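Listed below, chain by chain, are the residues.
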Amino acid sequence: MKTTRKRYSADFKAKVALEAIRGDLTLAELAAKHGVHHTMIASWKRQAIAGMAGTFSGAGEAARAASEAEVDKLHAKIGQLLVERDF
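Anyway, here's the lowdown on the structure attached to this text. Predicted, not measured: the structure shown is a model, and the values here were computed from it. Starting from 1, residues in each chain are numbered consecutively following that chain's sequence as written. This being a predicted model, a pLDDT of at least 70 is required before a residue's local features are given, and a value of 80 or more before pairs of side-chain atoms are given or counted; all residues contribute to the totals for chains, interfaces and linings. Neither water nor hydrogens contribute to the side-chain values; these are computed over all heavy atoms in the structure.

## Remarks on the pattern of salt bridges
What counts as a salt bridge is simple: a side-chain nitrogen of Lys or Arg found within 4 Å of a carboxyl oxygen of Asp or Glu. Under the definition given, this model contains two salt bridges. Taking the shortest distance from any N to any O, the salt bridge between E19 and K33 comes out at 3.3 Å. Placement of E19 in helix α1 (residues 10–22) and of K33 in helix α2 (residues 27–34) is noted, with a sequence separation of 14 residues between them. Per-residue accessibility, obtained with a 1.4 Å probe over protein chains only, is compared with the maximum for each type, and a residue is labelled buried under 20%, exposed over 50%, and partly exposed between these values. According to the relative accessible area criterion, K33 is exposed, its value standing at 53%. Taking the shortest distance from any N to any O, the salt bridge between D86 and R85 comes out at 3.5 Å. Both residues of the pair, D86 and R85, count as exposed. The helix and strand labels rest on DSSP assignments: H or I over at least four residues marks a helix, E over at least two residues marks a strand, and numbering proceeds from the N terminus.

## What to know about α2
Among all positions in α2, only L30, A31 and H34 are buried. When α2 is viewed along its axis, its buried side chains cluster within an angular range of 100° and face the same direction. Exposed and oriented more than 90 degrees from the buried face of α2 are A28, A32 and K33. Only heavy atoms enter the contact rule, under which two residues are in contact if any of them lie within 4.5 Å. Lining the buried residues of α2 we find α1 and α3 (38–57). When we speak of the arc, we mean the arc of directions from the helix axis to the C-beta atoms.

It is worth stressing that arrangement in space is one thing and function is another; only the former is reported here.
Structural data, given as structure tokens:
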């Protein structure tokens, strides 16, 4: 019998991680409340804390702008190669 893994949405993970960061309930209590293993909650909590620094540093915006510029450059290159191939 093959079982598939449960997939959790980003909103659910963020909500549970925020509850874990608050510390009102223990990880075991949160695990029982949401039906998720406590090690997953601890992992989501670590990821949320690590991601907070990027939120306030503004590095995400710079990376997004750089990736958009890279995409534009690649689109131009694709167009050039299509024209050369068709010629």
